[in-house]
Amino acid sequence: MASKSSLTPITDFTIHKTPIFHTQFLQTNTVFCSLSTSSSLPRKLLSSKLFSRRKSFVCSNSLKQETVQNPTAAPSPLTSSNKLVLVIGGTGGVGQLVVASLLNRNVKLRLLLRDPEKATTLFGEQEEEKLQVMKGDTRNSEDLEPSMFEGVTHVICCTGTTAFPSRRWDGDNTPERVDWEGVRNLVSALPRSLTRLILVSSVGVTKSNELPWSIMNLFGVLKYKKMGEDFVRNSGLPYTIIRPGRLTDGPYTSYDLNTLLKATAGERRAVVIGQGDKLVGEVSRLVVAEACIQALDIDFTRGQIYEINSVPGEGPGSDTEKWKELFKAAQLQ
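This structure is a prediction, so every number in the text was calculated from the model and none was measured. (Residues numbered from 1 in each chain as written. Predicted model: local features only at pLDDT ≥ 70, side-chain atom pairs only at ≥ 80, totals over all residues. Heavy atoms only, no water.)

Chemist: In this structure, what is going on with the overall build of the protein? I would like to understand it.
Modeler: A tally of helices and strands in the protein yields nine helices and twelve strands. As displayed, the protein offers around 14,000 Å² of accessible surface, 50% of which is attributable to carbon and sulfur atoms. (Helix = DSSP H or I, 4+ residues; strand = E, 2+ residues; numbered from the N terminus. Areas by Shrake-Rupley, 256 points an atom, 1.4 Å probe, with all protein chains shown as cover.)

Given below as structure tokens:
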């Protein structure tokens, strides 16, 4: 069950400044690389009792708390009740924040999870009309039944695994299976009526044969992410690809919704967006999550690929107009 403690913003996250092996990302000397409703839903949809109406709670959007103290900022267009956003990888580092932020915006959500019980731990009990959770694994095409996608208008895919062999590879959770086969299976199953697909990929995918990216790609993570990107680009679906730098802040494993909504990016709140796989640096998971959400409804981001970093300073928060300016500026460079 979700905690009912007060929602005092957390403001002191440590940003790694020395080379480390992260559980999901590697930092080299100077270059950082991320890996990253239908009435006839199938039996894989969890019982509505599990997601019954949660006791009322008060929360604030995490990015608004950390970057924009502007009560007059225009609300996100995603509050529209005719949207149903499917999130893949919703219990991962970026995915948790995507889900928490969309729940806070009262956007209807559907999650596809290997372990649906994790949704309760992270997001508390939610009424079924607000959050639907289904059991499935993108690595297995037979899991992706057509009814899972009924009514879905938008998709955010932020699945991923580690670049180097680790415990996270247990159960055949390798880059080839997750970043290539999983993305291919998902995209092949998505309805052609989709409004937008957001894929979280990685900086450096076009440079996998160059140092130091070739070190990151020793076990193929950049190669397979690029293969996933290419499949999305050639699918005919309306897409936007987000390539983050090395991820900071979190992941918030085993935390609940209240904790996720209190998370902040510390001092690294300003956002840098580029194109052409030229950016080098790191980025807050909060910023990546917000970029995914904003790109869903910004028309000119369709068919575009963006790299994204965080730097010290104030940022766009959840202000759609500021995000539009950032995305547009990247395309004009």
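Chemist: Please clarify how the packing of helix H4 (residues 175-189) against helix H6 (residues 221-233) should be interpreted in this entry.
Modeler: A pair of packed helices can be characterised by two numbers: the angle between their axes and the separation between those axes. Running from N to C, H4 and H6 point in directions that differ by 5°, and their axes come no closer than 8 Å. Between H4 and H6, the interaxial angle falls into the category roughly parallel. Packed against H4, whose contacting residues are Pro175, Glu176, Asp179, Trp180, Val183, Arg184, Val187 and Ser188, the element H6 presents Val221, Tyr224, Lys225, Met227, Gly228, Phe231 and Val232 at the interface. Taken together, the residues that form the contact of H4 with H6 break down as nine nonpolar, two polar and four charged. (Axes fitted to C-alpha atoms, helices over the stretch in contact; angles between N-to-C directions. Parallel < 35°, antiparallel > 145°, perpendicular 65-115°, else oblique. Contact = heavy atoms within 4.5 Å. Nonpolar A, V, L, I, M, F, W, Y, C, P; charged D, E, K, R; others polar.)

Chemist: Explain the environment of Gly245 here, please?
Modeler: Looking at where Gly245 falls in the secondary structure, it is placed in the loop between strand E8 (239-244) and strand E9 (246-248). Residue classification places Gly245 among the buried residues on the basis of a relative accessible area of 0%. (Buried < 20%, exposed > 50% of the residue type's maximum accessible area, 1.4 Å probe, protein only.)

Chemist: What is the right way to look at unusual backbone geometry in this model?
Modeler: A cis amide bond, omega -5°, links Leu211 with the succeeding residue Pro212. Relative to the elements of secondary structure, Pro212 occurs in the loop between strand E7 (196-200) and helix H5 (213-216). Unusually for a residue other than glycine, Asp172 sits at a positive phi of about 65°. Along the chain, the position of Asp172 falls in the loop between strand E6 (154-157) and H4.

Chemist: How do you make sense of the pattern of salt bridges when you look at a structure like this?
Modeler: Oppositely charged side chains may form a pair once their charged atoms are brought near each other. Enumeration according to the criterion identifies 15 salt bridges in this entry. Notably, a salt bridge pairs Asp137 with Arg139, separated by 2.7 Å at the nearest N-O pair. The same class applies to Asp137 as to Arg139, namely buried. Across the salt bridge formed by Lys324 and Glu321, the nearest N and O atoms sit 3.6 Å from each other. On the criterion of helical spacing, the pair formed by Lys324 and Glu321 is a turn pair, its members being three residues apart in helix H9 (residues 320-332). For Lys324, a relative accessible area of 30% gives the class partly exposed. (Salt bridge = Lys/Arg side-chain N within 4 Å of Asp/Glu carboxyl O.)

Chemist: Hey, could you run me through the packing of aromatic side chains in this one?
Modeler: Two aromatic rings are characterised by how far apart their centres lie and by the angle between their planes. Counting across every chain of the model gives five aromatic pairs. Ring geometry for Phe164 versus Phe219: centroids 5.9 Å apart, planes at 75°, classification edge-to-face. Residue Phe164 is found in the loop between E6 and H4, and its partner Phe219 is found in the loop between H5 and H6; the two are separated by 55 residues along the sequence. Relative accessible area serves as the criterion here: at 19%, Phe164 is assigned to the buried category. (Phe/Tyr/Trp six-rings, centres within 6.5 Å; stacked < 30°, edge-to-face > 60°.)

Chemist: Looking at this structure, I do not really get the sheet that holds E7. What am I missing?
Modeler: In sheet architecture, strand pairing relies on hydrogen bonds along the backbone and comes in two forms, parallel and antiparallel. The sheet built from eight strands is open, its strands ordered E5-E4-E3-E6-E7-E8-E12-E10 with mixed pairing. The sheet is open, and its two edges are formed by strand E5 (131-135) and strand E10 (270-274), each paired on a single side. Adjacent strand axes in the sheet meet at a mean angle of 20°, parallel and antiparallel pairs treated alike. Relative to E8, E7 is paired through four bridges, and the arrangement is parallel. Paired with Leu197 across the two strands is Tyr239, which belongs to E8. Lying on the sheet, H9 is in contact with E8, E10 and strand E12 (304-311); it crosses E10 at an angle near 35°. (Pairing = 2+ DSSP bridges.)

Chemist: I'm lost on the side chain of Asp319 in this one. Help?
Modeler: Note that Asp319 resides in the loop between E12 and H9. For the buried Asp319, no salt bridge exists, and the shortest N-O distance to an oppositely charged side chain is 4.6 Å, to Lys322. Engagement of the side chain of Asp319 in a polar contact is seen with the backbone nitrogen of Glu321, the distance being 3.0 Å. (Lys, Arg positive; Asp, Glu negative; His and termini not counted. Polar contact = N/O pair within 3.5 Å; in protein donor to acceptor, adjacent residues only side chain to side chain.)

Chemist: Before we go on, may I ask you to explain the pairing of strand E3 (residues 84-88) in this structure?
Modeler: Across a regular strand the side chains alternate sides, sitting on one face of the sheet and then on the other. Burial analysis of E3 places five of its five residues in the buried class, which makes it a mostly covered element. Relative to strand E4 (residues 108-113), E3 runs parallel, the two sharing five bridges. Residue pairing across strands places Leu86 opposite Arg110, the latter belonging to E4. Following the chain from E3 across helix H2 (residues 93-104) to the adjacent parallel E4, one finds a crossover that is right-handed. Pairing of E3 with E6 involves four bridges; the strand directions are parallel. Within the sheet, the bridge partner assigned to Ile88 lies in E6 and is Cys157. (Right-handed = clockwise from strand over helix to strand, strands pointing away.)

Chemist: I keep staring at helix H8 (residues 285-295) and nothing clicks. Help me out?
Modeler: In an α-helix, one turn spans 3.6 residues; hence positions three or four apart end up facing the same way. Burial analysis of H8 places eleven of its eleven residues in the buried class, which makes it a mostly covered element. What H8 keeps buried is the set Arg285, Leu286, Val287, Val288, Ala289, Glu290, Ala291, Cys292, Ile293, Gln294 and Ala295. Of the residues flanking the start of H8, the one acting as N-cap is Ser284, its side-chain oxygen 3.0 Å from the backbone nitrogen of Leu286.

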